[in-house]
Amino acid sequence: MARILVVDDEIGIRELLSEILYDEGHTVELAENAAQARAARQRARPDLVLLDIWMPDTDGVSLLREWGSQGLLDMPVIMMSGHATVDTAVEATRIGAVDFLEKPITLQKLLKTIAAALARPVVSRGAPASAAAPANAAMAAAPVMQSSAATPAVAAAVEASVALEPHALQLSNIPLDQPLRDARDEFERIYFEYHLARENHSMTRVSERTGLERTHLYRKLKQLGIDASRRRQESR
């Protein structure tokens, strides 16, 4: 999973993106303006930045250009805007942005664009010559880091697949001589626990799988006595 910096002056956008990305397992840093974005980039060293174009102090394209001129575009940057023109998007791409998301941003488009950006190699644009050697060294070390990071991912996948096996047995053991409401509650409990395990407790994916709106899903899990925060607690 990645460390993602979200830069947007609208608190609602920041909170929504933060919740979605957190559910996907990412670590999220938030900034509401260019000054906070500069500090967060220096402090957190993000793997990816979601950068709004229209901000009150310094706009996103100017900040992108600043990072590029300083050789700081060593992470993919995805621009976001609800009012940008084609020329603005082209200009941002020319400076160094890897993609552009138009608001309102759909969930599928957001996750697909982030996955594609994280998968592609990043070459820092406008970096000073003195920074070339460290940059090359970092790129050379990247395959090793990716290989070591794959081990826990594989282990998690194996653990998840093992966790799914008992659910089929539990379904076959639901007593049929009990009231329908009780039997239905047992079935729903097994059903949602199955999907939570399958999707590694990502509420976003469980919502998509089960066809329930997120608020309704949280309410249903609480009603059934299912701890939906297990993954969050374990990751702390």
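Residues numbered from 1 in each chain as written. Predicted model: local features only at pLDDT ≥ 70, side-chain atom pairs only at ≥ 80, totals over all residues. Heavy atoms only, no water.

## Considerations on the packing of aromatic side chains
Step number 1: All told, the structure shown has two aromatic pairs when counted by the stated rule.
Step number 2: Taken together, the ring pairs connect F187, Y191 and F192 into an aromatic cluster. (Phe/Tyr/Trp six-rings, centres within 6.5 Å; stacked < 30°, edge-to-face > 60°.)

## Here we look at the environment of I174
Step number 1: Within the element layout of this structure, I174 appears in the loop between α6 (132-172) and α7 (180-198).
Step number 2: Take I174: its relative accessible area is 12%, and that puts it in the buried class.
Step number 3: Spatially, the C-alpha atoms of I174 and F187 are 7.5 Å apart, while their sequence positions differ by 13 residues.
Step number 4: For I174, the contacting residues outside a window of four places in its chain are A183, E186, F187 and I190. (Helix = DSSP H or I, 4+ residues; strand = E, 2+ residues; numbered from the N terminus. Buried < 20%, exposed > 50% of the residue type's maximum accessible area, 1.4 Å probe, protein only. Contact = heavy atoms within 4.5 Å.)

## Concerning the nonpolar core
Step number 1: Among the nonpolar cores identified, the biggest contains 21 residues, and V7, V49, L51, L64, W67, V77 and M79 are the most heavily contacted of them.
Step number 2: Among the elements of the structure, β1 (3-7), α2 (34-44), β3 (48-52), α3 (60-69), β4 (77-81) and α4 (86-95) are those that each provide at least two residues to this core.
Step number 3: The element best represented in this core is α3, accounting for four residues. (Core = buried A, V, L, I, M, F, W, Y, C linked by side-chain atoms within 4.5 Å.)

## Some words on the confidence of the model for the protein
Step number 1: In the predicted model, the protein carries a mean pLDDT of 78, and the fraction of residues at 70 or more is 75%.
Step number 2: The model gives residues 127-164 a pLDDT under 50, and that stretch makes ten contacts with residues more than four places away or in other chains.
Step number 3: Note on residues 231-236: pLDDT under 50 across the span, and 13 contacts to partners over four residues away in sequence or across chains. (pLDDT = per-residue confidence, 0-100.)

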